[in-house]
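Residue strings, one per chain:
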Amino acid sequence: MKLTVYCWSLMCLILRSQAGVVDDFSQVDRCKDFLYMGTPPRGYLSTSLKKICQRYVDKPRFVTLYDPQKHIPIYSAYTFKKSDGEKRVDIPWMFEPQLATDKGSSNMEPFPQSSLMHKNFEDTQAVLEDYVDVVQYERGQMSPDEHQADPLDKAATYTLTNVVPLIREFNFGPWSTQVEVTRKRLNNYCHGKAYVITGVTTSGNMIRRDNLDRVAIPEFMWTAYCCSDYDHNAPYSERYKFPAFGAYGLNDRVNNHMVEVPIKNLEKFLKGKMEVDKNFQIFYSDCVSDA
């Protein structure tokens, strides 16, 4: 009986090791499923970024490359699910215990009621207090709940490790419109699995709290999708945006329109805005199938 319990415990440890903060997305089965060909974007130069397999209710939901110094996600990658675009508004905001301590849960958890408790993990990630007195900014999701259908998948997007501060006018204007444009396009013309990666560039501006730099403010938001199995009879105005396409926009009150571009153009733009090498690539082989 003891042996059975031991083996079960060992199995639990193995299962726990398959998610959470990981060394390599592509080496963790259920995490790499959110990435085209199981391959994350390549070329990021920073060695301090954390790879999070975002778990909710013991199941991986998407993956995030997180900057524990700037307290924002650099990108989140997820698989798009056909949806009606409805948002969930009944979910409490969550945090990642595993970023604060190796012994922390690998599941995201709701913020404790006491703000004093938040001090236990605010060194490694953003907390609710960081967004309290910054009325010009909204919490913008990198993996938006509008791109998910399952209630639990939607709920999992409400973690601050999936959020960046967006100017209100940009978040509710061009950015929200782009999220909807992408949703409708993939709903209507993507037959197979669609992989989406949404990221940021930063310029050094920060949200400050208690005279400390707390949360980096994105300069640009960008997003890209990859769908290799698409409707070849779609109108040309949509068909040429497959198998992959991208978009970027300035996080500002004005001049904040989204620009849709081919993947190669997006990569070229981002190389001039981020700490990446010359081999920076969003999707494996730019989402071009070897077949």
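Residues numbered from 1 in each chain as written. Predicted model: local features only at pLDDT ≥ 70, side-chain atom pairs only at ≥ 80, totals over all residues. Heavy atoms only, no water.

Caption draft 1: Summary view of the side chain of Arg61. Here Arg61 lies in strand β4 (residues 59–67). By relative accessible area, which is 7% here, Arg61 ends up buried. Among all residues touching Arg61, those that are not within four sequence positions of it are Phe34, Gln54, Tyr56, Asp150, Leu152, Asp153 and Ala156. (Helix = DSSP H or I, 4+ residues; strand = E, 2+ residues; numbered from the N terminus. Buried < 20%, exposed > 50% of the residue type's maximum accessible area, 1.4 Å probe, protein only. Contact = heavy atoms within 4.5 Å.)

Caption draft 2: Representation of empty space enclosed by the protein within the structure. Within the structure shown, the criterion is met by two cavities of 30 Å³ or more. By volume, the largest cavity amounts to about 60 Å³. Lining the largest cavity are Tyr78, Gln141, Met142, Pro144, His147, Trp175, Gln178, Val179, Thr182, Val196, Thr198 and Thr223. Only α6 (168–189) and β10 (194–209) provide two or more residues apiece to the lining of the largest cavity. In terms of residues, the lining of the largest cavity owes the most to one element, α6, which gives four residues. Considering only residue class, the lining of the largest cavity consists of six nonpolar, six polar and no charged. The space that makes up the second largest cavity amounts to roughly 30 Å³. If you trace the second largest cavity, you find it lined by Gln178, Thr182, Arg185, Thr223, Tyr225, Phe245, Gly246, Ala247 and Glu260. Among the elements of the structure, α6, β11 (212–226) and β12 (244–250) are those that each provide at least two residues to the lining of the second largest cavity. Its residues assigned to classes, the lining of the second largest cavity shows three nonpolar, four polar and two charged. (1 Å grid on protein atoms, 1.4 Å probe; cavity = no way out; pocket = protein on both sides within 12 Å on 5 of 7 lines; lining within 4 Å. Points joined across faces, edges and corners; volume = space filled by probe spheres on them. Nonpolar A, V, L, I, M, F, W, Y, C, P; charged D, E, K, R; others polar.)

Caption draft 3: Molecular detail of the layout of surface pockets. Taken as a whole, the largest pocket holds about 430 Å³ of empty space. Lys87, Arg139, Gly140, Asn171 and Phe172 are the residues nearest the centre of the largest pocket, which is lined by 17 residues in total. Among the residues forming the lining of the largest pocket, the class breakdown is nine nonpolar, four polar and four charged.

Caption draft 4: Structural context of the pairing of β12. For β12, the tally of buried residues reaches six of seven residues, placing the bulk of the element in the interior. The pairing of β11 with β12 spans seven bridges and is classified as antiparallel. The residue of β12 that forms the bridge with Tyr225 is Phe245. Sheet topology places β12 next to strand β13 (residues 259–261); three bridges connect them, and they run antiparallel. From the neighbouring strand, Tyr248 faces β13, where its bridge partner is Val259. (Pairing = 2+ DSSP bridges.)

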